[in-house]
Amino acid sequence: MTPQARVGVVGGGILGTVLSLRLAQAGHRVTLLERGPNLGGLAGSMDFGGHTVDRFYHVITPADHQMIGLAEEVGLGDQLRFAPVGVGFYVDDRLYDLNGLADFARFPPLSPLGRLRLAWFVAQCQLRPRYDRLEHIPLERWLRRHCGTAVTDRIWRPLLDSRFEGRHSELPATYLWARTRRMSGARRGRERREEMGHIVGGHQRLIDALAARAVDTGVDVQTGAAVEGLEMEDGTVTGVRLDGEHLPFDLTIATLQPPALRFLLPERLHGLLEAYPRRYLGVVCVLLKTRASVLPYYSLNICEPTPITTVVETSHVVGTEHTDGLRLVYLPRYCDPDAPEQTEDDRAVFERFVGMLERVSPTFRREDVVDWTVQRSRLVEPVHPVDAEPRVAPVWPGVPGLGLASATQIYPRLLNGDSVVDMAERVAGEAIERLAAYVPVRTAA
């Protein structure tokens, strides 16, 4: 039998929680350390005027096999719900449906040739199994080659501008390749309509079930545990510093984003951060609770200058039973961590974001807003520039006793629950293999 190793996992999001469970199931003594009061991270829930809701919006597609399998494993398979959803475009101050082949064939903002070129682009993304060559092609150049100038300037550039603060020239073609392939997994049936799903109770319910399973398996889950740094001896990471004391581990795996990781690593290890992207996007999101639906779509693509990135009405997927019939509408703006919106007065953010909603939604009325809040996160998504090397930082950076696993290493997949779980499973397998050679000091002596 493999001797038990002491493993510390820093960060209690989905990645850290799944990783802890798998390592404990392999027979190791695992401690999961989370700075916040609850597990979940960005996937967690919050109290919103007496209703428990996702802090940020999340869905599961029918092709998210890792998330679906995990839900079934912890007894939540019968709590999965899927529903057909609508997708819209806002172009030239008008709303257009884009729900299936019929809508696509008559999409007015594009000419017949433009629609054909866009269809060709989507098809070749779905049929291309590898992304290697795309890493070295700037995204906009690739779009113009396959979609043409009209489609790129009419559709893609406005969407990319609002998603990346007008700075997307550094993106590789892999970004839209990965996005198109993921969304193709949400389309089912003859009409190829999108279906989205959720777990009743949200991602938080899955995280709580995973945490309960982990505790039953022997994981020591500690919330409110602000790790102060790594401890090292003779070039080996020997654990972490918590509340001024050394908490020893044979293997420490940090699941923090690199900007936060900088405060954890000893100065002598700061060189490890050179392997990570330099730019990250955060998000500022106005969440509304409304009496009536604001749009017939789950999400809206805005192809006009806009203070928000999109409109997401999650009630089209998650229903309204848990909110007493009220609708949930998310108005996010993806922005740089130091963008003015990150520190701006909540009321000013609300007024500007809701002002855009009034413009795009012919049925929205401010008097229908029952409650609202502004949620922020400075670190959500890494931006991988074209031709940057290495493309992905190593999980095992060559420092004995240390593993580094975060959302930056999910590339080229998009950051979502399924890709995070997939990475957690992969890192767990590699860690278990490494620990198979572990020999306790008492045995060696």
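As the structure is a prediction and not an experimental result, all values here were calculated from the model.

**Considerations on the environment of Thr-363**
Relative to the assigned elements, Thr-363 resides in the loop between helix 10 (346-360) and strand 19 (369-383). Take Thr-363: its relative accessible area is 48%, and that puts it in the partly exposed class. Measuring from C-alpha to C-alpha, the distance between Thr-363 and Leu-15 comes to 40 Å, with 348 residues separating the pair along the chain. In this structure Thr-363 touches Ser-293 and Val-294, once residues within four positions along its chain are discounted. Of note is the side chain of Thr-363, whose polar atom sits 3.3 Å from the backbone oxygen of Val-294.

**Some points on the packing of helix 1 (residues 14-25) against helix 7 (residues 202-217)**
Between helix 1 and helix 7, the least distance of the axes is 9 Å, while the angle of their chain directions is 25 degrees. By the angle between their axes, helix 1 is roughly parallel relative to helix 7. At the point where helix 1 passes helix 7, the crossing takes the left-handed sense. From helix 1, Ile-14, Thr-17, Val-18, Leu-21, Ala-24 and Gln-25 reach across to helix 7, where they touch His-203, Ile-207, Leu-210, Ala-211, Arg-213, Ala-214 and Thr-217. Within the contact of helix 1 with helix 7, the residues separate by chemical class into eight nonpolar, four polar and one charged.

**Some details on the packing of aromatic side chains**
If you walk through the whole model with that rule in mind, you get nine aromatic pairs. Residues Tyr-57 and Tyr-330 carry aromatic rings whose centres are separated by 5.8 Å and whose planes lie at 65 degrees to one another, so their mutual orientation is edge-to-face. Placement of the pair is Tyr-57 in the loop between strand 4 (51-54) and helix 2 (65-73) and Tyr-330 in strand 18 (residues 327-335), with a sequence separation of 273 residues. Ring geometry for Phe-121 against Trp-156: centres 5.6 Å apart, planes inclined by 65 degrees, an arrangement best described as edge-to-face. In this pair, Phe-121 is assigned in helix 4 (residues 112-127) and Trp-156 in helix 5 (residues 139-163), connecting sequence segments 35 residues apart. The rings of Phe-89, Tyr-96 and Phe-107 are connected pair by pair, giving a single aromatic cluster. If you follow Arg-163 out to its NZ or CZ, it ends over the ring of Phe-164, 5.6 Å from the centre. The ring of Phe-48 carries the charged tip of Lys-289 above its face, separated from the ring centre by 4.5 Å.

Definitions and limits used
- Residues numbered from 1 in each chain as written.
- Predicted model: local features only at pLDDT ≥ 70, side-chain atom pairs only at ≥ 80, totals over all residues.
- Heavy atoms only, no water.
- Helix = DSSP H or I, 4+ residues; strand = E, 2+ residues; numbered from the N terminus.
- Buried < 20%, exposed > 50% of the residue type's maximum accessible area, 1.4 Å probe, protein only.
- Contact = heavy atoms within 4.5 Å.
- Polar contact = N/O pair within 3.5 Å; in protein donor to acceptor, adjacent residues only side chain to side chain.
- Axes fitted to C-alpha atoms, helices over the stretch in contact; angles between N-to-C directions.
- Parallel < 35°, antiparallel > 145°, perpendicular 65-115°, else oblique.
- Left-handed = near helix turned anticlockwise from the far one by under 90°.
- Nonpolar A, V, L, I, M, F, W, Y, C, P; charged D, E, K, R; others polar.
- Phe/Tyr/Trp six-rings, centres within 6.5 Å; stacked < 30°, edge-to-face > 60°.
- Lys NZ or Arg CZ within 6 Å of the ring centre and 35° of its normal.

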